[in-house]
Amino acid sequence: MAYYHRMGNIPPKRHTQFRQPDGSLYKEEVVSSKGFSGIYSTLYHINNPNEVTAIGKPKPYSWKAATEHGLKQTHLKTSNVEFTGDDYLSARRNLMMNSDVMMGICSPRQRKMDYYFKNADGDELIYVHDGEGVMYSQFGKLEVHKGDYIVIPRTTIYRFEFEEKGPLRLLIIESFGAIETVKRYRNEVGQLLEHSPYCERDIRPPHELHVEDKKGEYLVQIKKQGMLHQYSYGHSPLDIVGWDGYLYPYALSIYDFEPITGRIHQPPPVHQTFQAWGFVICSFVPRLFDYHPLSIPAPYNHSNIDSDEVLYYAEGEFMSRKGIDRGSFTLHMGGLPHGPHPGTVEKSIGAKATDEYAVMLDTFKSLQLTTDALAFVDENYPMSWTE
Ligand SMILES: [Fe+2]
């Protein structure tokens, strides 16, 4: 994360004696990235975080590539899906992947997790398309709302409690590299610059410490290398009385992303929200259209010579696409040009504004559909530019 944050009680000097009311030491844990060269946080546990009581049999947890899908402009219709599984982990349906990133949906029947999850493979970016709830992690309590991006650094131990009423629909992006704010919007010490579409005031770290100090049986399911490893502890992993540092989960609402507009069509990088190894995430939000007297608000045709482009359509009317619903994904693969559907370019001329919300994932390596995605493929989409 881009700035220093602290919660709860911590000793004035790191790596020094910090005692519990009974006189025993709190257990210090440094959670660091890139060896000891990246961002890190220091946590103070009541119990020893290494004190495992049982290790169960790991469960397979991976996705297969649908290699037969081939080179095709792709539309996945997931808008009518109510549930994708029973609980948070069994409901995660990855739909596209490469060696840097996976992207999928998650609409679990059970709104409250009765275990903890730790992703040891990668950072997670969860976009809350529908739903309201609370994320409890070692770093505290974070209320999450519809429209939030939740950035969860790898190995954060967490559980969600979502409200029972209303739909719950999550878009989950799992990155094998760190998910970060956009470098060109940061100054040399990491502060977000004036021309950044969002700033530190929009970033919401955990707002309340959450200490679980009761003994009992606590299960942490750890995702690592295609398996869910089953770790049991005699204490809660959320036994942190204080922490400080730069590494922690946070939320950023798509509703706080300020669009950059121009006289003529602005390219996708103006919508960039996050960066990671091998991909970027962009947010398309309601904005005024281009104001040159002869401007064409609809995008031009373009060929991605070195990237694949996924759009997840969240809300509103998409002026350049026909047959797209709330909850649709389009995947426009590198190697083929793509552009607005017939009739939408002329129709866009003179339009003053758009009310669309969409999340875009642009990858530098090619994506493959997973076999889970095949059930959602719109077979007519590749020919949909031909009238
Ligand atoms: Fe595009």
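Reading the values: the criteria
Residues numbered from 1 in each chain as written. Predicted model: local features only at pLDDT ≥ 70, side-chain atom pairs only at ≥ 80, totals over all residues. Heavy atoms only, no water. Donors = N, O, S within 2.8 Å, 3.2 Å for Na, K, Ca; no water. Tetrahedral: all angles 85-135°; square planar, octahedral: opposite > 155°, others 65-115°. Helix = DSSP H or I, 4+ residues; strand = E, 2+ residues; numbered from the N terminus. Buried < 20%, exposed > 50% of the residue type's maximum accessible area, 1.4 Å probe, protein only. Salt bridge = Lys/Arg side-chain N within 4 Å of Asp/Glu carboxyl O. UniProt positions renumbered as here; feature names shortened; annotations may be inferred. Contact = heavy atoms within 4.5 Å. Patch = residues over 30% accessible without salt bridge, like charges linked within 9 Å, V, L, I, M, F, W, Y side chains within 5 Å. Areas by Shrake-Rupley, 256 points an atom, 1.4 Å probe, with all protein chains shown as cover. Phe/Tyr/Trp six-rings, centres within 6.5 Å; stacked < 30°, edge-to-face > 60°. Lys NZ or Arg CZ within 6 Å of the ring centre and 35° of its normal. Core = buried A, V, L, I, M, F, W, Y, C linked by side-chain atoms within 4.5 Å. Domains from an automatic or database assignment. Pairing = 2+ DSSP bridges. Axes fitted to C-alpha atoms, helices over the stretch in contact; angles between N-to-C directions.

## Here we look at the coordination of the iron ion
Around the iron ion, the protein supplies His 302 (NE2), Glu 309 (OE), Glu 309 (OE) and His 338 (NE2) as donor atoms, at distances of 2.0 to 2.6 Å. The site at the iron ion holds 4 donor atoms, and with the angles between them running 55 to 130°, its shape is irregular. Counting along the primary sequence, the residues that act as donors to the iron ion give the motif H-x6-E-x28-H. Separated by 36 residues along the polypeptide, His 302 in strand S24 (residues 302-303) and His 338 in strand S27 (residues 337-338) bring together distant segments of the chain. We classify His 302 as partly exposed; its relative accessible area is 22%. With a relative accessible area of 4%, His 338 lands in the buried category.

## Examining the pattern of salt bridges
Where side chains of opposite charge bring their charged atoms close, a pairing between them can arise. As enumerated under the stated definition, the model contains 19 salt bridges in all. With its nearest N and O atoms 3.9 Å apart, the salt bridge here joins Glu 174 to Arg 92. Highlighted residues: Glu 174 in strand S15 (residues 169-175) and Arg 92 in strand S7 (residues 92-97), separated in sequence by 82 residues. Note on accessibility: Glu 174 and Arg 92 belong to one class, buried. Here Arg 326 makes a salt bridge to Glu 315, at a shortest N to O gap of 2.9 Å. Placement of Arg 326 in the loop between strand S25 (308-315) and strand S26 (328-332) and of Glu 315 in strand S25 is noted, with a sequence separation of 11 residues between them. Owing to a relative accessible area of 33%, Arg 326 belongs among the partly exposed residues under this scheme. For Glu 315, a relative accessible area of 18% translates into the label buried. Residues participating in the shared-partner salt-bridge network are Arg 92, Asp 121, Glu 124, Glu 174 and Lys 223.

## Things to note about the UniProt feature "binding site: homogentisate" (unreviewed entry) in the chain
UniProt tags His 338 as "binding site: homogentisate" (unreviewed entry). Ignoring any residue separated from it by four or fewer positions in sequence, one finds His 338 in contact with Gln 73, Tyr 300, Asn 301, His 302, Asn 304, Glu 309, Arg 321 and His 332.

## A closer look at the UniProt feature "active site" (unreviewed entry) in the chain
The residues that UniProt annotates with the feature "active site" (unreviewed entry) are His 265. Here His 265 lies in the loop between strand S20 (250-253) and strand S21 (272-276).

## Focus on unusual backbone geometry
One non-glycine residue, His 15, lies in the positive phi region at around 60°. Among the structural elements, His 15 can be located in the loop between strand S1 (5-8) and strand S2 (27-32). Here Gln 225, not a glycine, exhibits a phi torsion of approximately 50°, which is positive. Among the structural elements, Gln 225 can be located in the loop between strand S17 (215-224) and strand S18 (227-235).

## Section: a nonpolar patch on the surface
A surface patch of nonpolar side chains, amounting to about 260 Å² of accessible area, comprises Tyr 4, Ile 39 and Tyr 246. Its place among the elements puts Tyr 4 in the segment before S1. On the accessibility criterion, Tyr 4 (39% relative accessible area) is partly exposed.

## Details of the packing of aromatic side chains
According to the stated counting rule, one finds 22 aromatic pairs in the structure shown. Consider the rings of Tyr 381 and Trp 385, whose centres lie 5.1 Å apart with planes at 65°: the pair is edge-to-face. Assessed through its relative accessible area of 2%, Tyr 381 is described here as buried. Put simply, the rings of Tyr 88, Phe 117, Tyr 158, Phe 160 and Phe 162 pair up and form one aromatic cluster. The cationic tip of Arg 184 hangs over the ring face of Tyr 185; the distance from NZ or CZ to the ring centre is 4.8 Å.

## Quick word on the nonpolar core
Membership of the largest hydrophobic core comes to 51 residues, with the highest contact counts inside it found for Leu 76, Met 96, Phe 274, Ile 281 and Phe 329. Two domains each provide a minimum of three residues to this core, namely domain 1 (5-63 + 84-254) and domain 2 (258-383). Counting residues in each nonpolar core, the second largest holds 26 residues, with Leu 89, Cys 106, Met 113 and Phe 117 among its members.

## Digging into the environment of Ser 62
Structurally, Ser 62 is set in the loop between strand S5 (59-60) and strand S6 (74-77). Taking the relative accessible area as the measure of exposure, Ser 62 reaches 56% and is therefore exposed. Note: C-alpha distance between Ser 62 and Lys 322 (260 residues apart in sequence) is 33 Å.

## A look at the sheet that holds S1
Reading across the sheet, the 4 strands line up as S1-S19-S3-S2 and stay open at both edges, with antiparallel pairing between neighbours. Looking at which strands have only one partner, the edges of the open sheet turn out to be S1 and S2. Direction aside, neighbouring strands of the sheet carry axes that sit 15° apart on average. The sheet contact formed by strand S3 (residues 40-45) and strand S19 (residues 240-245) spans 5 bridges and is antiparallel. In the strand pairing of S19, Ser 41 is matched with Gly 245.

## What to know about the environment of Asp 362
Position of Asp 362 relative to the elements: it lies in strand S29 (residues 357-363). Sequence-wise, Asp 362 and Gln 272 are 90 residues apart; in three dimensions their C-alpha atoms are separated by 9.9 Å. The contacts of Asp 362, once residues within four sequence positions are left out, are Gly 278, Phe 279, Val 280, Ser 307, Asp 308, Glu 309 and Val 310.

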